[in-house]
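Close look at the chain arrangement
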Amino acid sequence: SQTIHQWPATLVQPVGSPLSLECTVEGTSNPNLYWYRQAAGRGLQLLFYSVGIGQISSEVPQNLSASRPQDRQFILSSKKLLLSDSGFYLCAWSGITYNSPLHFGNGTRLTVT
Amino acid sequence: QQPVQSPQAVILREGEDAVINCSSSKALYSVHWYRQKHGEAPVFLMILLKGGEQKGHDKISASFNEKKQQSSLYLTASQLSYSGTYFCGTASNTGNQFYFGTGTSLTVIP
């Protein structure tokens, strides 16, 4: 069966510090991968999606970046965090067709202080 | 691109029914429904693939009106466990991009 791992679960970082969140998927190959952010009490904002190794599409201009160095590994990074980067970050995977559901990791709660 | 949901929030007593609507300004190729409990990741409920399709399990069902670019989620005889935020979602026709609706907070009280 497929599983998705995301870490860390919580993170407190000062403004201006770097960020690296990692997500790995097991039990499937060539998945679509997604990063979403959810501000407190708000909806799910699509940040990045990837359809293959090295293929990253950005949805929102920001100081975040994403990389997919391996088929089932997705990394979200920032060189310098802003206060507005605080939120609940969720990694998800799906099959490659529009009828494939999304499966989420447990999320990372990031607080930038 | 983000589907719009209504209502934004609803409070029910156990046993009451609710309807959550999802409307898109763009063509819908499929509609997904998810539920998110507080502090947790969203969990997939169901997917509708064809206009006019209706699906359901337990006492939660959904319909998809492709022409109107709308979907509705029906919760009947609500239980305390139904509390959470419900999101509809839609994929692009290539299946690569996936956007969630604005969300509906549902609270079931005894």
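Located above this text is the structure these notes cover.
Residues numbered from 1 in each chain as written. Chains lettered and ligands numbered in written order. Predicted model: local features only at pLDDT ≥ 70, side-chain atom pairs only at ≥ 80, totals over all residues. Heavy atoms only, no water.

Focus on the pattern of salt bridges
All names here are of chain A. Enumeration over the complete set of coordinates arrives at 2 salt bridges over all chains. Between aspartate 85 and arginine 37 there is a salt bridge whose closest N-O contact spans 3.5 Å. Of this pair, aspartate 85 sits in the loop between strand S8 (73-78) and strand S9 (87-94) while arginine 37 sits in strand S4 (residues 32-38), and the two are 48 residues apart along the sequence. According to the relative accessible area criterion, aspartate 85 is buried, its value standing at 3%. Among the ionic pairs, arginine 68 bridges to aspartate 71, the shortest N-O distance being 3.2 Å. Taking relative accessible area as the criterion, arginine 68 reaches 3% and is therefore assigned buried. (Salt bridge = Lys/Arg side-chain N within 4 Å of Asp/Glu carboxyl O. Helix = DSSP H or I, 4+ residues; strand = E, 2+ residues; numbered from the N terminus. Buried < 20%, exposed > 50% of the residue type's maximum accessible area, 1.4 Å probe, protein only.)

Details of the interface of chain B and chain A
In this complex, chain B contributes 24 residues to the contact, which on the side of chain A involves 23 residues. Between chain B and chain A lies a buried interface of about 1800 Å² when both sides are counted; carbon and sulfur atoms form 60% of it. Together, B:Asn96, B:Phe98 and B:Phe100 form the three largest contributors to the area buried by chain B at its contact with chain A, with a combined 26%. At the junction of chain B with chain A, the criterion picks out 0 salt bridges. Across the contact surface, chain B and chain A share 5 residue pairs in polar contact (both at pLDDT 80 or more). Residues that form the side of chain B that touches chain A fall into these classes: 12 nonpolar, 11 polar and 1 charged. (Contact = heavy atoms within 4.5 Å. Buried area = accessible area lost by both parts, 1.4 Å probe. Polar contact = N/O pair within 3.5 Å; in protein donor to acceptor, adjacent residues only side chain to side chain. Nonpolar A, V, L, I, M, F, W, Y, C, P; charged D, E, K, R; others polar.)

Some words on the environment of A:Asp71
All names here are of chain A. With respect to the secondary-structure elements, aspartate 71 resides in the loop between strand S7 (64-70) and S8. Put simply, aspartate 71 and glycine 54 are 17 residues apart on the chain and 8.8 Å apart in space, counted from C-alpha to C-alpha. Among all residues touching aspartate 71, those that are not within four sequence positions of it are Ser29, Asn30, Pro31, Leu33 and Ile53.

What to know about the packing of aromatic side chains
Applying the stated criterion to the full structure yields 11 aromatic pairs over all chains. Here B:Tyr34 and B:Phe44 contribute two aromatic rings whose centre-to-centre distance is 5.6 Å and whose plane-to-plane angle is 65°, an arrangement assigned as edge-to-face. Taken together, the residues B:Tyr34 in strand S4 (residues 31-36) and B:Phe44 in strand S5 (residues 43-48) connect sequence positions 10 residues apart. By relative accessible area, B:Tyr34 is classed as buried at 0%. Taking the relative accessible area as the measure of exposure, B:Phe44 reaches 29% and is therefore partly exposed. Note on B:Tyr34 and B:Phe100: the rings are 5.3 Å apart at their centroids and 70° apart in plane angle, and the pair reads as edge-to-face. Placement of the pair is B:Tyr34 in strand S4 and B:Phe100 in strand S10 (residues 98-100), with a sequence separation of 66 residues. Every member of this aromatic cluster is reached through a ring pair, and the members are A:Tyr34, A:Tyr36, A:Phe104, B:Tyr34, B:Phe44, B:Phe87, B:Phe98 and B:Phe100. In this arrangement the basic side chain of A:Arg109 is found over the ring face of A:Phe88, its NZ or CZ atom lying 4.3 Å from the centre. (Phe/Tyr/Trp six-rings, centres within 6.5 Å; stacked < 30°, edge-to-face > 60°. Lys NZ or Arg CZ within 6 Å of the ring centre and 35° of its normal.)

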